[in-house]
Amino acid sequence: MIGIIGPEDSIRLVQEVAAGEGRAEEVSVRTYTDPEQAPELARELDDVCQVLLFTGRIPYSFAAAAGGLRAEIDYIRHAGIDLYRTLSRMLLAGAGQLPRVSVDTIEADTVRETYHDIDLAPPTEILPIADSSGLLLSSLAEVTAYHRERYESGAVEACLTCLGAVHRELRERGVPVWRVEHTRASVRDALRRAWLAAEVRQSRATQIAVMMIEVAESATRPQDPYQAERQRLRLREALLEHAERMRGRLNTIDDRTLVITTTRGTVESAIARHRAGHASLLTLRGVDGEHTVGFGAGTTIAAAEANARQALALGRGGGDTHVVFPDGEIYSTRGSAVKQRLRETAPGVLRVSEQLRLGPLSTRRLLEALHQMDPNQVTARGLADAYGVEARSARRLLKALRAAGFAEEVGVHVSTGAGRPQTVYRVALQRLVGAIGADA
């Protein structure tokens, strides 16, 4: 499920496009009258949606600045096709002549490319209202003032804006203004990327996770047999109750080590509760004696247990609990105890992630999966196994790699048994590594 947040007219367009794709039931919408309402609406959808998609950069920026969301967030970008449509309308209205304009919201490179494609000199008045992370550099009032100043000074003859509130304000003040609106094509592309991201996150949530409990050696030293048995039974009873709350299964590794097998989604929900300051399944209750807890996630039980052992090693003697994820991210119940890798900042990773429409850590996971395969013979089924997603999601990932120029179709593999034919891709792994950078 993906959540859509925006004004009524934009929401209506998104719903029409989703219905045309036959996936109307896979979107949940919230409308606002003011972009500043976006963070509150996002929190309403956060518990039920894997991805939150904003219809504009402004509401996305407000939500990103507020933080605290578990869902992946993105916004529908204005593409060249959106600007083409607006310029076409302006040409018709102006008898084939385009006025000098000021532009906001759309990336400067997109504006310049669009103008060059129709053999016109691009406007120099392009306002970057947000930085590369999406955080606002300008308020709506400042954007409106920017256009008014340039029009009133004679620097431009009209204004182009993507913002409904700015469009209304300028029009009321008599400033010639055109609004750049999303086309169905750009909305469709954004929805498809969001659905892919939601599928990847859903598949990740079903990954295996283990909670590993290590009982202190002093608790297992020989003592009165009756007392020792009572202590063992109390420990097992407490762990069985905890396993039930985690919808998991309890197993014993040795006299001092026990594990509860569950899912990554359960562990991530526990982390979210801990971050919010609530009681969480990260902490054991009713267990006497010293013990250490560590969590690990992975695509196999062995990988999850290996990560849980790393978490145990990090937590010994510190009294805090750690969670180690497959991509190296670490969560600690005591934030300062370990350097957490919660955000990827390498420029190459961020750039490729933008091309593939994946989160940065997901991009690194994809690269790790491809390293396990023959890059000249990659199929959706093979990638699904290596990356830990459903085959449908793997097919979408391969199409994203192809669209970004990192893969090409080289044939079809037909199985002798049951199953659909598999498209075979050649992935330009070295070029992908080079684009990400040496730090990959």
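Residues numbered from 1 in each chain as written. Predicted model: local features only at pLDDT ≥ 70, side-chain atom pairs only at ≥ 80, totals over all residues. Heavy atoms only, no water.

An unreviewed UniProt entry lists the protein chain under the name Transcriptional regulator, from Verrucosispora sp. MS100047.

(A) Inspection of helix α12 (residues 347–356) at higher detail. Along α12, the residues that are buried comprise G348, V349, V352, S353 and L356. Projected down its long axis, α12 shows its buried positions confined to an angular sector of 130°, all on one face. (Buried < 20%, exposed > 50% of the residue type's maximum accessible area, 1.4 Å probe, protein only. Helix = DSSP H or I, 4+ residues; strand = E, 2+ residues; numbered from the N terminus. Arc of directions from axis to C-beta.)

(B) Here's a closer look at the confidence of the model for the protein chain. Put simply, the protein chain has an average pLDDT of 83, and 90% of its residues get 70 or more. Across residues 130–136, confidence stays below pLDDT 50; counting only partners more than four residues off in sequence or on other chains, it has 19 contacts. Per-residue pLDDT stays below 50 along residues 336–344; that stretch engages in 24 contacts with residues further than four places along the chain or on separate chains. (pLDDT = per-residue confidence, 0-100. Contact = heavy atoms within 4.5 Å.)

(C) The arrangement of the sheet that holds strand β3 (residues 51–54) in detail. Judged by pairing direction, the sheet is parallel, and its four strands sit side by side in the order β2-β1-β3-β4 without closing on themselves. Each edge of the open sheet carries a strand with a single partner, namely β2 (27–31) and β4 (72–75). Strand-to-strand twist in this sheet, taken as the mean axis angle between neighbours without regard to direction, amounts to 20°. When strand β1 (residues 2–6) meets β3, the two strands line up parallel, connected through four bridges. Looking across to β3, one finds that I5 is bridged to F54. Lying on the sheet, helix α1 (residues 8–20) is in contact with β1 and β2; it crosses β2 at an angle near 170°. Along the sheet face, helix α2 (residues 38–45) touches β1, β2 and β3 and points at about 160° away from the line of β1. (Pairing = 2+ DSSP bridges. Axes fitted to C-alpha atoms, helices over the stretch in contact; angles between N-to-C directions.)

(D) Representation of the sheet that holds strand β8 (residues 177–179). Ordered by their spatial adjacency, four strands build an open sheet running β6-β5-β7-β8, and the pairing between neighbours is parallel. In the strand order of this sheet, the two ends are held by β6 (125–127) and β8, each with one partner. Adjacent strand axes in the sheet meet at a mean angle of 15°, parallel and antiparallel pairs treated alike. Where strand β5 (residues 101–104) lies against strand β7 (residues 158–161), three bridges are found, and the strand directions are parallel. Each residue of the ladder has a partner; that of V103, found in β7, is L160. Sitting on the sheet, helix α6 (residues 140–152) is in contact with β5, β6 and β7, with an inclination near 170° to β5.

(E) How the structure looks around the nonpolar core. Ranked by size, the top nonpolar core spans 31 residues in total, and within it L356, L366, L370, L383, Y387, L401 and L432 carry the most contacts. Broken down by secondary-structure element, the contributors of at least two residues to this core are α8 (184–205), α12, α13 (360–371), α14 (380–387), α15 (391–403), β16 (422–427) and α16 (429–436). The residues touching L356, leaving out its near neighbours within four places in the chain, are L366, A400, L401, A404 and F406. Formed by 25 residues, the second largest nonpolar core is a distinct cluster that contains L235, A270, V323 and Y331. (Core = buried A, V, L, I, M, F, W, Y, C linked by side-chain atoms within 4.5 Å.)

(F) Expanded view of the packing of helix α4 (residues 80–93) against helix α5 (residues 108–117). The geometry of α4 relative to α5 is characterised by a closest axis approach of 10 Å and an angle of 50° between their N-to-C directions. With respect to their mutual orientation, α4 and α5 come out oblique. α4 and α5 meet at a crossing whose hand is right-handed. Residue-level contacts link G80, L83, Y84 and L87 of α4 to T110, V111, T114, Y115 and D117 of α5. (Parallel < 35°, antiparallel > 145°, perpendicular 65-115°, else oblique. Left-handed = near helix turned anticlockwise from the far one by under 90°.)

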